[in-house]
Structures are given as C-alpha cells and as structure tokens.
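Per-entry structural report
So the chains spell out like this:
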Amino acid sequence: MDPAHMRWDTKAVRGPREETDPTTLAHRFPIYQTSTFVFENARQGGQAFSGEVSHYIYTRLGNPTVELLEQKLAQLESTEAGIVFASGMAAIATTLLALVKPGERVVASDPLYGGTFHFFHIAQEHFGIEVHYIKASEFHEKLAEALTPNTRLVYIETPANPTLDIVDIAETAKITRQAGIPLVVDNTFASPALQRPIELGADLVLHSLTKYINGHGDVVGGALVGPRDLIEPIRKDFHVHVGGIMAPLNAFLVLRGTKTLHLRMQRHSENALEVARFLEGHPKVARVFYPGLPSHPQHEVAKKQMKGGFSGMVSFILKGGKEAGIQVMDHVKLWTLAVSLGDTDSLIEHPASMTHSSYSPEELARAGIDPGLVRLSVGIEDVQDLIDDLDQALKYA
Ligand SMILES: Cc1ncc(COP(=O)(O)O)c(C=O)c1O
C-alpha cells in the first residue's frame, strides 16, 4: 500500500517504505554499523563525491539505517525530508546556526527547555544572534510587533517545558507566513502522534528523539524535519560538517520506538489526565498545569491543535512551595527522581534546580516557572499505582 494512503497509526507501524533488507530479505532493516563504504574503483569514488552517481561514502555523510529513520520521521510529521542528530540539542544548535547569521534576530517563546535557553544565550554572546522572547501564552498576539526586518526565525515550543503553556500554532503560522519568516516548532512534548505542526502551517519541526519518539529511555537523539528545499541546504552545509550525527544503532532503536508511538502516547495521555485530576483535587496542591484540564488557560487551543490526547507531562505547585515539593520528590517510591521525559516509566524532577537551572531567578519569574514547580513525566504503568505513590509522598509535604 502506498504510504500516502495509510492512516497515521499504520504509517507509524509500517514505515515509509518496505523495511525488508534487499540483500538478505531480513524482515527488519539491518543496522549498517560501518563508518565507511567501499568503492568498486577510483572513478566511482570520485563520481560518488561529485554526485554523478548515488553511492554511500561515509556514515557522517549518509547511512542507510539513519536515512530510513529520517524518511520515517518526515512522513510521520507530514513533510518531505528530515535529518537526525546525536541529540535534540545538536538539532537545535545546528538549525539556529544554519538559519541565522550574526546581527540577525530570532523571536522565541518563553519558556523553553533549559538547554535551549542556555544555547540561545550563548548564541547571543558568541555569535551576535539577538533572541527576543515573548511569553508563550500570549505569543501570537504579540508576535507581529516583535518582527523586525532582520528577524530570520520564529522559534516556539508547545506544550512548553516545564509550564505546559500552549502556543497557538495555526495563528502563529498565519503571521510568519505573511512575513516570510520560517516558523520552527519544538514538538518534543506532544510527538507527531498528538500534534503535527506542519499540517497547521509551521515550516520546520524539531524533536528530542530521546523522549517520546524513542520512548524507552535508552537513546539520546534529535531530529529536524521539513520541506526538502529547507532541509537539504542545512544537511549539506551544516549538519555533515558540524558532525552531530546519529549512530546507526541508535537510529535502529528509535525506528523501533516509532512503531508503538501511537499506543504509548494514548496511554501516557490517559494516565496523565488521571494524575492531573488527582492532584487538582488534593488539599495540599496549589496549582496544576496540564493542557488537558479545563482549568488550563489555553485548554481550548490545546484541544484545537492536539488530537487524541494531551501527552504525559504534568507540572504542579504545592501550597507549601519548594520545600514541600522537595519532600514529595524525596518520598516517592515508584516514581523515579530523574530528568528527561517520555520514558515508559514515570519520572519526577524539579525544573528550577535541574532542567531549567540555566535560568536566573529573574528569568524564571519572567517565564512563569515558579521556584516550587515540580514536573512529572507520567509513564505507562497502572495509573492507580502512580496515584497511590504520589498520595503517600504528599503526606510528607
Ligand atoms: C522540549 C525539549 N527540547 C529539546 C531538548 C533537548 O534534547 P536532548 O536532551 O535530546 O539534547 C529537551 C531535553 O529535555 C526538551 O525537553
């Protein structure tokens, strides 16, 4: 069946093309664990480099296992081409450096993942790239007035890490399209199983593959996908020379993760909604942040652009503030106290001192990241076990 006619869940399972290895007919595509590829003769080697013949050369320049993942991710995000990277940060850094020059400007949503925020700061200091922030919850309303003639990129993260603020992708895209500025969306928190920004008008989509797409907590990786005319120059001029490539073994593992993404996202979302409802009803909890709750200020926007669930990320603040949050983190028995997210098991962490420790106290306040905020990555265990464990830990808060 032509993948273009497959429904999304079938594409996730079956991939962009027949995975059978053409040489051995192995059902699963092999891990081409090689650094280089042999030429039949010197003339062919030269032709491979000049592009006259299509031939693999060297794994940093292209590898069959890695390419299969790139094609699959592009297809799952409803676009043409993709590049995978050694990490989400490699994808983000390469994209920024490829699209923005010294003296030019990026307009970004606030907050962002702490590593992205830190790198944007470095980009200002070392490369003279100006970064202008707009609060995620009012992003599209304030965007037009922030676009200057030297703005080259609009960069958003939605749902945002760690506040779960939502940026209206379609409304933002209307403005960036009119201005002719590429809109890049970090879709890590939702995954393409729940949200496909390119269908909503965005130009490029970024992922930390480390999270939901791989899904099993055993790979670090990143991806950038979009139309061929935007992706190929980034690959040719930056990616293969900056060199933050993904290893073939990791590409194989991420490919395996994609096959169950739709099932996992459904369960992450169901469990997270239950956990969010439990926390919202708990007397020691001051506030819960989850886009699937009607109390979330952008619940309607989330409903419009996320389909089939609101993902597994929940944050909350306790009435006892940071100290009470620390008690909960120190007393959970089932939840794992660790950063990262999107694994099968449930994780708990403290953004202000961990994932977002690159923010100063003033920057945390501007971004709406309360010092007492606790972030949960709700896994796919039995949700009652997760709630029971939080309940007993909250007694110490
Ligand atoms: C939203 C988001 N984007 C990007 C990254 C960076 O990804 P990586 O850790 O794979 O470099 C993270 C990491 O936590 C993240 O949460």
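Parameters at a glance
Residues numbered from 1 in each chain as written. Predicted model: local features only at pLDDT ≥ 70, side-chain atom pairs only at ≥ 80, totals over all residues. Heavy atoms only, no water. Helix = DSSP H or I, 4+ residues; strand = E, 2+ residues; numbered from the N terminus. Rg over C-alpha atoms; globule rule 2.2 N^0.38 Å. Buried < 20%, exposed > 50% of the residue type's maximum accessible area, 1.4 Å probe, protein only. Contact = heavy atoms within 4.5 Å. Phe/Tyr/Trp six-rings, centres within 6.5 Å; stacked < 30°, edge-to-face > 60°. Pairing = 2+ DSSP bridges. Domains from an automatic or database assignment. Buried area = accessible area lost by both parts, 1.4 Å probe. Salt bridge = Lys/Arg side-chain N within 4 Å of Asp/Glu carboxyl O. Polar contact = N/O pair within 3.5 Å; in protein donor to acceptor, adjacent residues only side chain to side chain. 1 Å grid on protein atoms, 1.4 Å probe; cavity = no way out; pocket = protein on both sides within 12 Å on 5 of 7 lines; lining within 4 Å. Points joined across faces, edges and corners; volume = space filled by probe spheres on them. Nonpolar A, V, L, I, M, F, W, Y, C, P; charged D, E, K, R; others polar. Axes fitted to C-alpha atoms, helices over the stretch in contact; angles between N-to-C directions.

A few words now on the overall build of the protein chain. On a plain count of helices and strands, the protein chain comes out with 14 helices and 12 strands. At 21 Å, the protein chain has a C-alpha radius of gyration in line with the 21 Å of a compact globule built from 397 residues. Taking all 397 residues of the protein chain together, 56% fall into the buried category. Considering only contacts in the protein chain between residues 6 or more positions apart, those separated by 24 or more positions represent 73%.

Right, let's talk about the side chain of His282 for a bit. Checked against the element boundaries, His282 lands in the loop between helix H10 (261-280) and strand S8 (285-289). Excluding residues within four positions of it along the chain, His282 makes contact with Asp391 and Leu394.

Quick look at the packing of aromatic side chains now. Scanning all chains against the criterion turns up 6 aromatic pairs. On the basis of an interplanar angle of 15 degrees and a centroid distance of 3.8 Å, the ring pair of Phe117 and Tyr359 is categorised as stacked. Here Phe117 is found in helix H5 (residues 114-127), whereas its partner Tyr359 is found in the loop between strand S11 (347-349) and helix H13 (361-367), with 242 residues between them in sequence. On the basis of an interplanar angle of 80 degrees and a centroid distance of 5.0 Å, the ring pair of Phe120 and Tyr155 is categorised as edge-to-face. One end of the pair, Phe120, is in helix H5; the other, Tyr155, is in strand S4 (residues 151-157), and 35 residues separate them in sequence.

This paragraph deals with the pairing of strand S7 (residues 222-226). Regular strands show a simple pattern: their side chains alternate between the two faces of the sheet. Buried residues dominate S7, accounting for 5 of its 5 residues. Burial of the side chains of S7 extends over both faces: Gly222, Leu224 and Gly226 are buried on one face and Ala223 and Val225 on the other. The sheet contact formed by strand S1 (residues 81-85) and S7 spans 5 bridges and is antiparallel. Bridge pairing in S7 links Val84 to Ala223. As judged from the 4 bridges shared by strand S6 (residues 204-208) and S7, these two strands associate in the antiparallel manner.

For the rest of this paragraph, the subject is the domain arrangement of the protein chain. One can read the domain layout of the protein chain as domain 1 (59-258) and domain 2 (261-394). Placing a centre on the C-alpha atoms of domain 1 and another on those of domain 2 gives a separation of 24 Å. Counting the surface lost from both domain 1 and domain 2, the interface buries some 3200 Å², and carbon and sulfur atoms represent 57% of this. It is Ile166, Leu194 and Tyr212 in domain 1 that bury the most area against domain 2; as a group they hold 24% of the surface buried on that side. At the boundary of domain 1 and domain 2, one finds 2 salt bridges. Our count for the domain 1 to domain 2 interface comes out at 25 residue pairs in polar contact (both at pLDDT 80 or more). Of all the secondary structure elements, the ones that give two or more residues to the side of domain 1 that touches domain 2 are H5, strand S3 (130-135), helix H7 (169-179) and helix H9 (248-258).

With that settled, the discussion passes to the layout of surface pockets. Of the pockets and cavities examined, the largest pocket occupies roughly 580 Å³. As for the largest pocket, its lining consists of 25 residues, of which His55, Ile57, Leu61, Gly62 and Glu67 are closest to the centre. When residues of the lining of the largest pocket are traced back to their parent elements, those giving at least two are helix H2 (42-50), helix H3 (64-76) and helix H8 (228-242). No other element matches H8, which puts 5 residues into the lining of the largest pocket. Grouping the amino acids of the lining of the largest pocket by side-chain chemistry returns 12 nonpolar, 8 polar and 5 charged. Taken as a whole, the second largest pocket spans an internal volume of roughly 290 Å³. Considering the residues around the second largest pocket, the lining is formed by 20 residues, among which Met89, Tyr113, Asn161, Ser208 and Lys211 are closest to the centre.

Quick look at the sheet that holds S8 now. In spatial order, the strands read S8-S9-S12-S11-S10; together these 5 strands make up an open sheet with mixed pairing. Each having just a single partner strand, S8 and strand S10 (336-337) make up the two edges of the open sheet. As paired strands, S10 and S11 are joined by 2 bridges and run parallel to one another. Following the sheet pairing, Thr336 is matched in S11 by Leu347. Sitting on the sheet, helix H12 (residues 321-331) is in contact with strand S9 (313-318), S10, S11 and strand S12 (374-377), with an inclination near 125 degrees to S9.

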